[in-house]
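Fold and geometry: a report
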Amino acid sequence: PMVAADVARPAWQRLLCWLGRVSSALKGVQPWFVEAHQFRIDTTDGIGRPTPEGAHRDGVDFVVVALVDRRGVKGGE
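Here's what I pulled together on the structure shown here.

Basis of the calculations
- Residues numbered from 1 in each chain as written.
- Predicted model: local features only at pLDDT ≥ 70, side-chain atom pairs only at ≥ 80, totals over all residues.
- Heavy atoms only, no water.
- Helix = DSSP H or I, 4+ residues; strand = E, 2+ residues; numbered from the N terminus.
- Buried < 20%, exposed > 50% of the residue type's maximum accessible area, 1.4 Å probe, protein only.
- Areas by Shrake-Rupley, 256 points an atom, 1.4 Å probe, with all protein chains shown as cover.
- Patch = residues over 30% accessible without salt bridge, like charges linked within 9 Å, V, L, I, M, F, W, Y side chains within 5 Å.
- Salt bridge = Lys/Arg side-chain N within 4 Å of Asp/Glu carboxyl O.
- Polar contact = N/O pair within 3.5 Å; in protein donor to acceptor, adjacent residues only side chain to side chain.
- Contact = heavy atoms within 4.5 Å.

Here we take up the overall build of the protein chain. Helix and strand counts for the protein chain stand at 2 helices and 0 strands. Counting every position in the protein chain, which comprises 77 residues, the buried fraction comes to 10%. As displayed, the protein chain offers around 7200 Å² of accessible surface, 56% of which is attributable to carbon and sulfur atoms.

Below, the structure written as structure tokens:
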């Protein structure tokens, strides 16, 4: 689960509202179910992946990957 303090951040709330507006513009106005995961991508041994099996959709309408607070980046692709 996301840390409650992060969920309460105004920037997170604005991002979700914006994503809801964009999604509704594409698929029609409706309530949206959001599932969010925080994770780190480690590229120490080569190309990093957001999930061990690579990017996937699991039958959802939209997937968003957002990079927040980039630090200590060495290389990349």
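Structure's up, so let's keep going.
A cluster of nonpolar side chains, Trp-18, Val-22, Leu-26 and Phe-62, forms an exposed patch at the surface whose accessible area comes to about 390 Å². Mapping Phe-62 onto the fold places it in the segment after helix 2 (10-27). What makes Phe-62 partly exposed here is its relative accessible area of 35%.

Attention now goes to the side chain of Asp-6. Along the chain, Asp-6 turns up in helix 1 (residues 4-7). Here Arg-9 takes part through its side chain, which lies 2.9 Å from a polar atom of the side chain of Asp-6. The contact partners of Asp-6, leaving out residues within four places of it in the chain, are Trp-12 and Gln-38.

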